Amino acid sequence: MLDTYRHKVVLIGDGAVGSTFAFSLLQSTNEIDELVIVDRTKAKAEGDALDLADITPLTSPVKLYAGDYADAADADVVVITAGIARKPGESRLDLVNKNATILKTIIDPIVASGFAGVFIISSNPVDILTTLAQRISGFPKERVIGTGTSLDSLRLRVLLSKKLHLSVNVIDALMLGEHGDTSFAAFNEITIGGKPLTTLTALSSTDKAEIEEAVHQAGGKIITNKGATFYGIAKCLSAVTRAIIENRNIVLPISAPLDGQYGIENIYLGTPAIINSQGIGQVIEYPLTADEVEKMRQSAITMQEVLANIEM
Ligand SMILES: NC(=O)c1ccc[n+]([C@@H]2O[C@H](COP(=O)([O-])OP(=O)(O)OC[C@H]3O[C@@H](n4cnc5c(N)ncnc54)[C@H](O)[C@@H]3O)[C@@H](O)[C@H]2O)c1
């Protein structure tokens, strides 16, 4: 028997990303009592709840079951990974109308359930869907979070580690802006063990262009090879969930509501933020060069254009 209640998480969308997230989350924290899995295909959610329960004797005692939107009523976090995934050759923005429609059918009943926790969204295009989730739910902006450029930033660090022959753990580097083709690497702000990269070595403009292009192509390459990408984003989702559940006050690159930062308003976009039990504790405006701010604004303009033309 558990003597104190800890936390409840509801996962909506039990596909490649959702099921891998659930597996990762159960291994990341001991602070969850209930994990509810909701999917359009209930049998799949039931199967995964049973399959995942098998790991709990080796992790921690979590109650796992296939549920419904109403189960969000007393949840701390709702994680949304439901939606159509990209096929080879498709961009994330190609998914927008279908996934916006799916998102609305999810957000409405969850809000109706009385849910008063934090939404985390990773379905694509994630910045657009996170902006829509906040607008549809009417939730305070700090209680709606998108995974943003968290995955892109991991990919950037892996590429830099290969280029610089350094452990990925000593490299602090961020991709910012849209989780997609207009994202950019904040090259001027990269640090190695806390020291600016620019004081240690110089990346040529060709190196930078190749690295940024490789980040942009990474997801498509994985999808061409194996049909989906899920380990990286699942780990990002569990890191954000854990930061909320454990009130960790850590900084993660997420899709955050911009309210004047970089001269941008009324849209979620990839930037670092402090994550704690309130959701977004603080959006961090990264100290960018004028060129980088311009790239951020271009990303925002692209997102605003897509938002203005959504059909749902
Ligand atoms: N943000 C990122 O970095 C990132 C990375 C990878 C994938 N994604 C996105 O995540 C989403 C899911 O990808 P995937 O590979 O897991 O796809 P998938 O097809 O494997 O899984 C999607 C799941 O959503 C379910 N679903 C659809 N509509 C639903 C609804 N209304 N209610 C409940 N469940 C519903 C489906 O039954 C399916 O199980 C896609 O939009 C994909 O583009 C985002």
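Rules behind the numbers
Residues numbered from 1 in each chain as written. Predicted model: local features only at pLDDT ≥ 70, side-chain atom pairs only at ≥ 80, totals over all residues. Heavy atoms only, no water. Helix = DSSP H or I, 4+ residues; strand = E, 2+ residues; numbered from the N terminus. Rg over C-alpha atoms; globule rule 2.2 N^0.38 Å. Contact = heavy atoms within 4.5 Å. Axes fitted to C-alpha atoms, helices over the stretch in contact; angles between N-to-C directions. Parallel < 35°, antiparallel > 145°, perpendicular 65-115°, else oblique. Left-handed = near helix turned anticlockwise from the far one by under 90°. Nonpolar A, V, L, I, M, F, W, Y, C, P; charged D, E, K, R; others polar.

A. Representation of the overall build of the protein chain in the model. Counting secondary structure elements, the protein chain contains 8 helices and 14 strands. Relative to the globule expectation of 20 Å for 312 residues, the C-alpha radius of gyration of the protein chain, 19 Å, shows essentially globular dimensions. Projected onto its principal axes, the C-alpha coordinates of the protein chain cover approximately 55 × 45 × 40 Å. In the protein chain, of all internal contacts separated by at least 6 residues, the share reaching a separation of at least 24 is 73%.

B. Region of interest: the packing of helix H5 (residues 150-164) against helix H7 (residues 231-245). Their axes nearest at 9 Å, the elements H5 and H7 cross at an angle of 120°. By the angle between their directions, the pair H5 and H7 is classed as oblique. Here H5 runs over H7; the crossing is right-handed. Of the residues in H7, those touching H5 at Ser150, Leu151 and Leu154 are Gly232, Ile233 and Cys236. A breakdown of the residues in the contact of H5 with H7 according to their chemical character gives 4 nonpolar, 2 polar and no charged.

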